[in-house]
Amino acid sequence: MPDLLEIRDLHKRYGETEVLKGVDCDMAKGDVVCVIGSSGSGKTTMLRCINMLEEFQGGTIRIDGQVIGYDVVEGRRRRKKEAEVARQRALTGMAFQQFNLFPHMTATGNVTLGLVKVKKMAKEEARGLAEQWLDRVGLLSRKDHYPGQLSGGQQQRVAIARAIAMNPKLMLFDEVTSALDPELVNEVLQVIKDLARDGMSMLIVTHEMRFAYEVANRVIFMSQGRIGEEGDPREMFVKPRTERLAEFLKNSTFH
Amino acid sequence: MPVELLAFFDQLWLARFPLLRGLGLTVAISSLAIVAGTLLGVFVGLALTYGARPLRWIVRGYTDFVRGTPVLVLILASFYVLSTVGLHLNAFQAGVLALAVFCSSHVGEIVRGALLAIPAGQTEAAKAIGLTFRQTFIYVLIPQAIRQILPTWVNTAAEMVKASTLLSIIGVGELLLSTQEIISRNFMSLHFYFFAGLLYFAVNFAIERFGNYVERKTSLPT
Amino acid sequence: MGYSLNFSAVWRSFDQLLAGLGLSLALAVGAIFIGCVIGLFVAFALRAKTAWLRRPAALYVTAIRNTPILVLILFVYFALPQLGVRLGKIDSFVATLALYSGAYLAEVFRAGLTAVPPGQREAGLAIGLTEMQIRTSIIVPIMLRNVLPSLSSTFISLFKDTSLAAAIAVPELTFEARKINVETFRVIETWIVASCLYVATCAVLAALMRRVERRLAVPR
């Protein structure tokens, strides 16, 4: 059975600086993988490469067997056509640190946009599905509110509903609680935990160690553009094998 | 070179003096309007920001009225109305007066905007070290406001050059009217309007460049 | 001075003035609609990666911004027929004003596009929208709301610029006022009434625009 996600030797440069120096990563369906590491370790960049929000210069990413972003024609890498990249992006859903809700659309409008424009769903059907997902994240009563009228936590839950409603094979979470006030963090983490319980495959970049410990069946520790260590959080967090992870864990708070 | 173009250069040579006179008059009109308008405008701006209430209302009414009226209407009104009330100005004087009034409302708003943009903390800090209002104004507010005012003010100069063309409508022989007179003799409207446009462009482009230069020079190091 | 105000002659011709005002408004509305379309395309061209889109767009904006509008009006009306482009007075004027406002609006829109956070585009990409879909359903609607105040002030100054149509004898407000001035010799009254009409219309337009801005504003 092919892996859901298969990353091989991923390299990414910004000009002269190499931020990903050969990353390998596999995920099976239903996996919940948390990526931890200090800022600048390349964890967000890896996530953004999977969604083709960043170009990458070397290696391959496969989702559900499909090669993402690039074709190799006569030995040369070529970026896939815009429409094809857009279609592949819909294989994954992404939630951002800054939510990035569309400010001129209601909560429902935010969720239906992709359903109507990308999935070509009828408006009524899309609205029904949107309400179903807004209900799942506990925000059905706010469906006609605009992002500016919602708290940060509520905005992030709408953003998650917007991504999930597209029925992605894999959900990507990019530090979704980092921009939130501490008292709003839990409502968002709870939504993600519920999704995990339902068997959603998720790749989560996070600073919330306790959450990673509870929700992940595997943790990846990234350090200086490489995978430093990976494994079961119950072993890793208790008995780190590398000096770097031990140092990182010592400076992290578990609350 | 096509015959038509040769004919144009021929005509251009014949018309060189009227064109130069027109250009000179355009520059004169714009300069006078800018100088007079700026002096009046600084007063307007100060009155809008610091004036006592009745003065502020009168000046606010003046700027709102001027800004709500097209420049051409100001020029025509100045030209026709002033002579009716016994103030005998020729077209040139009436036109410059109208442009100066137009300029003053612009400059007034620029000055007011710049003064208001200075954070209240600046005045408070100045008070706290014991400066009088006069001292605060001279040593704290003006140096900050001037940086904001200068680049926009230079653009107002370009606006004035453009607006000076409207004086052709009341018969002031500036560049556009000279051009029209030349065209009425040789019927080469395409070439001569284009040439006039090019001259105006050159003048305004130079002013715009100068404005950018001033902006770079006056901005504080960050 | 011996001049006593007497408005009756102006009131008798008031219908003419109002008709002129109506035409002025129509000219401004026509120009801003076409100008917005031009401005939108030019704004995207100004931000394009390829120089052959960016350069002509920048040239157009700089050229128009530094040329007096009266010269443009006269050029389009009197000179273009020599190149075989023959337009009626009104068409010619609206075309000129649209071209003129297009350059200013392009600058306004370009600044507005720059102000839309890049996260909006990324969120659109992440749900699988194409660049074109992102432009039409996300970037442009957000940008238009942001630039609405500048759009209103551009419209009001366009309305004032319609007075220049008098130079090619389009019977708008200023043209009518000048005619009444010459016919009745009620000089002061004519110009008082005409400028009051302009000032009042500008005030009403500004108030209307603020209402539109409030209605279209994103609730928060």
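Residues numbered from 1 in each chain as written. Chains lettered and ligands numbered in written order. Predicted model: local features only at pLDDT ≥ 70, side-chain atom pairs only at ≥ 80, totals over all residues. Heavy atoms only, no water.

## Quick notes on the overall build of chain B
Note the threshold: Strands here are runs of E lasting at least two residues and helices are runs of H or I lasting at least four, both read from the DSSP assignment and numbered beginning at the N terminus. The globule rule used for comparison is 2.2 Å times the number of residues to the exponent 0.38, while the radius of gyration itself is calculated over C-alpha atoms. The cut-offs for exposure are 20% and 50% of the maximum accessible area for each residue type, with area from a 1.4 Å probe on protein chains only; residues under the lower value are buried, those over the upper are exposed, and the others partly exposed.
From N to C terminus, chain B includes 9 helices and 0 strands. The order of helices and strands in chain B, counted from the N terminus, is α-α-α-α-α-α-α-α-α. A compact globule built from 222 residues would reach a C-alpha radius of gyration of about 17 Å, whereas chain B, at 21 Å, exceeds it by more than 25%. C-alpha atoms of chain B, sized along the principal axes, occupy 75 × 50 × 25 Å. Counting only residues that meet the buried cut, chain B has 46% of its 222 residues in that class.

## Some remarks on the overall build of chain A
In plain terms, the rule: Contact definition: two residues touch when any of their heavy atoms are within 4.5 Å. Every accessible area reported is derived by Shrake-Rupley at a probe size of 1.4 Å, with residue values counting cover from the shown protein chains alone. Only four residue types enter the tally: Lys and Arg on the positive side, Asp and Glu on the negative side; His and the chain ends are excluded. All charge positions are set by atom: Lys at NZ, Arg at CZ, Asp at CG, Glu at CD.
Helix and strand content of chain A: 9 helices and 12 strands. By the compact-globule yardstick of 18 Å for 255 residues, chain A fits well, its C-alpha radius of gyration being 18 Å. With the C-alpha coordinates aligned to their principal axes, the bounding extent of chain A is approximately 50 × 50 × 35 Å. Per-residue burial over chain A gives 53% buried out of 255 residues. The contacts of chain A with a sequence gap of at least 6 include a subset with a gap of at least 24, amounting to 63%. Counting only carbon and sulfur atoms, one obtains 46% of the accessible surface of chain A, whose full area is about 11,600 Å². Here chain A contributes 37 positively and 35 negatively charged side chains, and the mean placements of these two sets differ by 4 Å.

## With respect to the arrangement of the chains
The interface with the highest contact count, out of 2 pairs of chains in contact, is the one between chains B and C. In this assembly chain A lies apart from chain B, the nearest approach of their C-alpha atoms being 26 Å.

## As for a positive patch on the surface
All names here are of chain C. As a reminder, the rule being used: Patches in this entry comprise residues that are over 30% relatively accessible and not in a salt bridge; like charges within 9 Å are linked, as are nonpolar side chains (Val, Leu, Ile, Met, Phe, Trp, Tyr) within 5 Å. Within this document, salt bridges are pairs made up of a side-chain nitrogen of Lys or Arg and a carboxyl oxygen of Asp or Glu, the two lying within 4 Å of each other.
A surface patch of positive charge is lined by R210, R211, R214 and R215. Along the chain, the position of R214 falls in helix α9 (residues 187-216). Overall, the relative accessible area of 61% leaves R214 in the exposed class.

## As for the interface of chain A and chain C
What counts here: Here the quantity called buried area is the accessible surface, traced with a 1.4 Å probe, that two parts lose on coming together, added over both. In the analysis that follows, any N or O atom pair within 3.5 Å is treated as a polar contact, provided that within protein one partner can donate a hydrogen and the other can accept it, and provided that, for residues neighboring in sequence, both atoms belong to side chains.
Between chain A and chain C, the residue contacts involve 26 residues of the former and 21 residues of the latter. When the buried surface of chain A facing chain C is broken down by residue, F102, P103 and H104 of chain A rank first, second and third, together holding 25% of it. Counting the contacts that link chain A with chain C gives 1 salt bridge. Across the pair E122 of chain C and R48 of chain A runs a salt bridge, and its minimum N-O distance is 2.6 Å. Put simply, chain A and chain C have 5 residue pairs in polar contact (both at pLDDT 80 or more) between them. Contributing elements (two or more residues each) for the side of chain A that touches chain C: α2 (82-89), β8 (92-95) and α3 (107-117) of chain A.

## Overview of the sheet that holds strand β9 (residues 170-174) of chain A
Residues and elements named next belong to chain A. Here is the rule we go by: Paired strands, as defined in this entry, are two strands with at least two bridges between them according to DSSP. Lines fitted to C-alpha atoms define the axes here, with helix axes fitted over just the stretch in contact, and angles between the N-to-C directions of these axes take values from 0 to 180 degrees.
The 6 strands lie next to each other as β8-β9-β10-β3-β11-β12, forming an open sheet whose pairing is mixed. If you trace the sheet from one side to the other, it starts and ends with β8 and β12 (226-231), each paired once. The sheet shows a mean angle of 20 degrees between the axes of neighbouring strands, taken without regard to direction. Relative to strand β11 (residues 218-223), strand β3 (residues 32-36) runs parallel, the two being bridged by 4 bridges. Counterpart to V33 in the pairing with β11 is R218. Helix α1 (residues 43-50) rests against β3, β8, β9, β10 (202-205) and β11 of the sheet, and its axis sits at about 145 degrees to β10. Along the sheet face, helix α6 (residues 182-197) touches β3, β9 and β10 and points at about 155 degrees away from the line of β10.

## Structural notes on the packing of helix α2 (residues 14-46) of chain C against α9 of chain C
All names here are of chain C. We count it as follows: Working definition: roughly parallel below 35 degrees, roughly antiparallel above 145 degrees, roughly perpendicular at 65 to 115 degrees, and oblique for all remaining angles. Here is the rule for handedness: rotate from the far helix to the near one, and if that takes an anticlockwise turn smaller than a right angle the crossing is left-handed, while a clockwise turn gives right-handed. Note on residue categories: nonpolar means Ala, Val, Leu, Ile, Met, Phe, Trp, Tyr, Cys or Pro, charged means Asp, Glu, Lys or Arg, and polar means any other residue, Gly included.
Their axes nearest at 11 Å, the elements α2 and α9 cross at an angle of 40 degrees. Judged on the interaxial angle alone, α9 and α2 are oblique. Relative to α9, the crossing made by α2 is right-handed. Here F14, L17, L21, S24 and L25 of α2 come into contact with α9, specifically with V193, L197, Y198, T201 and L205. In terms of residue class, the contact of α2 with α9 is made up of 8 nonpolar, 2 polar and no charged.

## Thoughts on the interface of chain C and chain B
Each side of the interface is counted separately: chain C has 32 residues, and chain B has 32 residues. Summed over both partners, the interface of chain C with chain B buries about 3,000 Å², with 73% contributed by carbon and sulfur atoms. Summed over the shared surface of chain C and chain B, the number is 0 salt bridges. Here chain C and chain B share 10 residue pairs in polar contact (both at pLDDT 80 or more) between them. Every element with two or more residues in the side of chain C that touches chain B is listed here: α3 (51-65), α4 (69-79), α8 (173-184) and α9 of chain C.

## Some thoughts on a nonpolar patch on the surface
A cluster of nonpolar side chains, namely I138, Y139, I142 and I146 of chain B, defines an oily patch on the protein surface of about 380 Å² accessible area. With respect to the helices and strands, the residue Y139 of chain B is situated in helix α7 (residues 133-163).

## Focus: the sheet that holds strand β2 (residues 17-27) of chain A
Residue and element names in this part refer to chain A. If you trace the 4 strands from one edge of the open sheet to the other, you get β2-β1-β4-β5, paired in antiparallel fashion. A strand with exactly one partner marks an edge of an open sheet, and here the two such strands are β2 and β5 (66-67). One ladder, built from 2 bridges, connects strand β4 (residues 58-63) with β5; its direction is antiparallel. Opposite I63, over in β5, you have Q66 as the bridge partner. Helix-sheet contacts for α1 involve β1 (5-14), β2 and β4, and the interaxial angle to β1 is about 115 degrees.

## A few points about the packing of aromatic side chains
Rules: Only centres within 6.5 Å qualify two rings of Phe, Tyr or Trp (six-membered ring in Trp) as a pair; their planes then separate them into stacked at under 30 degrees, edge-to-face at over 60, and tilted for everything else.
Taken as a whole and assessed by the stated rule, the structure comprises 19 aromatic pairs over all chains. On the numbers, 5.4 Å between centres and 50 degrees between planes, the contact of F8 of chain B with F9 of chain B is tilted. Seen from their ring centres, F159 of chain C and Y198 of chain C are 5.6 Å apart, and the 55 degrees between their planes marks the pair as tilted. On the criterion of sequence distance, the pair formed by F159 of chain C in helix α7 (residues 131-161) and Y198 of chain C in helix α9 is long-range, its members being 39 residues apart.

## Some thoughts on the confidence of the model for chain B
We count it as follows: Known as pLDDT, the predictor's confidence for each residue is given on a scale from 0 to 100.
With 99% of its residues at a pLDDT of 70 or more, chain B has an overall mean of 90. Both scores are given for the predicted complex: the pTM is 0.87, the ipTM 0.89.

## A short note on unusual backbone geometry
For D9 of chain A, which is not glycine, the phi dihedral falls at a positive 50 degrees. By the secondary structure assignment, D9 of chain A is in strand β1. Positive phi is not limited to glycine here, since F187 of chain B has a value of about 60 degrees. Tracing the backbone through its elements, the reader meets F187 of chain B in the loop between α8 (175-186) and α9 (189-218).

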